[in-house]
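Below, each chain spelled out in residue letters.
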Amino acid sequence: MSIPTPHINAKLGDFAETVLMPGDPKRSKMIAEKFLEDAVLVNDVRGVQGYTGTYKGKRVSVMASGMGQPAIGIYSYELFAFYDVKNIIRIGSCGSIDPELHLQDIVIAQGACTNGFYASQYKLPGTFAPIASYELLEKAVNEARKSGANFKVGNILSSDTFYDDAQSGLDWCKMGVLGIEMESAALYCNAARLGKNALCICTVSDSLNHPDEVMTAEERQESLLKMIEIALEIA
Ligand code: HPA
């Protein structure tokens, strides 16, 4: 495979070593406009916006992943394998499974369980445990402590179903899983397979245990900005 790839129309060197990866392309644009200096659009294939700029003098990129493991599987693979990207930090949202977590809290995903079969491609004689880069994890924990955010570190579930007929999300509570999202396990698998670093940080946007909790648009924005700042500080 050569550059440009089927899904990224950028030149080698257009991306920084570290890419922040929200799910939503509009969020990628917002981060570039609000946080990066001299941000340049480096990808817009399928509207999946990628920008490179600087944050506190350090070159950093931000590009959206889209939703679900197949989507982040494609984008993170192409960035790692063909664009020399070394670190991908997913900044997303999750539903909380752990009853101690509430809206706006932050979950740092040390590991990612899944009900999907992304790792079956490796034909391993057992079950692979997708984990975050320890180096990125440690930095994120330090930054989260400094930020004063309410956060937990542990396992999350990367689910292939948002609308789950069996409503099985809370079943993972008995194994201490903190939250549910849809991308991290595939991202961690790609990082492992390609010898790169990945981390997922999520804000709790909905709660499986406390479905009546709601947050205002300002609260949503505030928790989002806190997570983005944590990710940018470790980039
Ligand atoms: N399920 C799956 N993915 C999610 C959720 C959820 O409840 N909330 C945010 N991402």
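Just so it is clear, the structure is predicted and the values come from calculations on it, not from any experiment.

Here we look at the overall build of the chain
And step 1. Across its full length, the chain holds five helices and nine strands.
And step 2. Start at the N end of the chain and walk to the C end: the helices and strands fall as β-α-β-β-β-α-β-β-α-β-β-α-β-α.
And step 3. Its C-alpha atoms give the chain a radius of gyration of 17 Å, near enough to 18 Å, the size a compact globule of 235 residues would have.
And step 4. By principal-axis analysis of the C-alpha atoms, the chain measures approximately 45 × 45 × 30 Å.
And step 5. Taking all 235 residues of the chain together, the buried fraction comes to 52%.
And step 6. Carbon and sulfur atoms make up 52% of the accessible area of the chain, which totals about 11400 Å².

Focus: helix α4 (residues 184-194)
And step 1. Among the 11 residues in α4, eight count as buried, and that is most of the element.
And step 2. Taken together, the buried positions of α4 are occupied by S184, A185, A186, L187, Y188, C189, N190 and A191.
And step 3. Looking at the buried residues of α4, the elements they touch are α2 (69-82), β5 (87-96), β6 (106-114), β7 (151-158), β8 (179-181) and β9 (197-207).

Concerning the nonpolar core
And step 1. Of all hydrophobic cores here, the largest spans 67 residues; its most connected members are F15, L79, L199 and I201.
And step 2. Per-element accounting of this core gives the leading share, eight residues, to helix α5 (residues 217-234).
And step 3. With near-sequence residues (within four places) excluded, L79 lies in contact with I8, F15, V19, M21, M63, D84, V85 and I88.
And step 4. With five residues, the next largest nonpolar core counts C113, L157, V177 and I180 among its residues.

With respect to the site of the ligand
And step 1. If you check the shell around the ligand, you find S93, C94, G95, F162, I180, E181, M182, S205, D206 and L208 and nothing else.
And step 2. Between G95 and the ligand, the recorded distance is 3.2 Å, taken from a backbone N or O atom to a nitrogen atom.
And step 3. One of the side-chain N or O atoms of D206 is found 2.7 Å from a nitrogen atom in the ligand.
And step 4. Isolated, the ligand exposes 260 Å² of accessible area, and the fraction of that covered by the protein chains is 87%.
And step 5. Among the secondary structure elements, those contributing two or more residues to the shell around the ligand are β5, β8 and β9.

Details of the packing of aromatic side chains
Ring pairs (aromatic) are described by centroid distance and by the angle formed between their planes.
And step 1. Using the criterion set out here, one finds three aromatic pairs in the structure.
And step 2. For the ring pair F15 and Y83, a centre distance of 5.4 Å and an interplane angle of 70° mean the geometry is edge-to-face. Linking F15 in the segment before β1 (18-21) with Y83 in the loop between α2 and β5, this pair joins segments that are 68 residues apart in sequence. Each member of the pair, F15 as well as Y83, carries the same accessibility label: buried.

What to know about the packing of α2 against α4
Each packed pair of helices is defined by two parameters, the angle between the axes and the distance between the axes.
And step 1. Two elements in contact, α2 and α4, have axes whose closest approach is 8 Å; the angle formed by their N-to-C orientations is 25°. One element, α2, and the other, α4, form an angle in the roughly parallel class. Crossing angle aside, the handedness with which α2 passes α4 is right-handed. Residues Q69, I72, G73, S76, Y77, F80 and A81 of α2 lie in contact with α4, whose contacting residues are A185, A186, L187, N190, A191 and L194.

Description of the pattern of salt bridges
And step 1. In the structure shown here, the tally under the stated rule is nine salt bridges.
And step 2. Residues D14 and K11 are paired through a salt bridge, measuring 3.8 Å at the closest nitrogen-oxygen approach.
And step 3. Exposure remark for D14: the relative accessible area of 17% places this residue in the buried category.
And step 4. A salt bridge links E33 to K29; the shortest N-O distance between them is 3.1 Å.

Section: the pairing of β5
And step 1. Burial of β5 is extensive: nine of the 10 residues sit out of reach of the surface.
And step 2. Pairing of β1 with β5, which is carried by four bridges, proceeds in the parallel orientation. The residue bridging L20 from the neighbouring strand is I89, located in β5.
And step 3. In this structure, β5 lies alongside β9, joined through 10 bridges in parallel fashion.

Examining the side chain of N43
And step 1. Among the secondary structure elements, N43 is positioned in strand β2 (residues 37-43).
And step 2. Classification of N43 by relative accessible area gives buried; the value is 1%.
And step 3. Reaching out from N43, the side chain makes a polar contact with the backbone nitrogen of N9 at a distance of 2.8 Å.
And step 4. Those residues within four positions of N43 in sequence are excluded, and the remaining contacts are H7, I8, N9, F15, V48, Q49, G50 and M63.

Thresholds applied
Residues numbered from 1 in each chain as written. Predicted model: local features only at pLDDT ≥ 70, side-chain atom pairs only at ≥ 80, totals over all residues. Heavy atoms only, no water. Helix = DSSP H or I, 4+ residues; strand = E, 2+ residues; numbered from the N terminus. Rg over C-alpha atoms; globule rule 2.2 N^0.38 Å. Buried < 20%, exposed > 50% of the residue type's maximum accessible area, 1.4 Å probe, protein only. Areas by Shrake-Rupley, 256 points an atom, 1.4 Å probe, with all protein chains shown as cover. Contact = heavy atoms within 4.5 Å. Core = buried A, V, L, I, M, F, W, Y, C linked by side-chain atoms within 4.5 Å. Near = heavy atom within 4 Å. Polar contact = N/O pair within 3.5 Å; in protein donor to acceptor, adjacent residues only side chain to side chain. Phe/Tyr/Trp six-rings, centres within 6.5 Å; stacked < 30°, edge-to-face > 60°. Axes fitted to C-alpha atoms, helices over the stretch in contact; angles between N-to-C directions. Parallel < 35°, antiparallel > 145°, perpendicular 65-115°, else oblique. Left-handed = near helix turned anticlockwise from the far one by under 90°. Salt bridge = Lys/Arg side-chain N within 4 Å of Asp/Glu carboxyl O. Pairing = 2+ DSSP bridges.

Read these as geometric descriptors, not functional statements.
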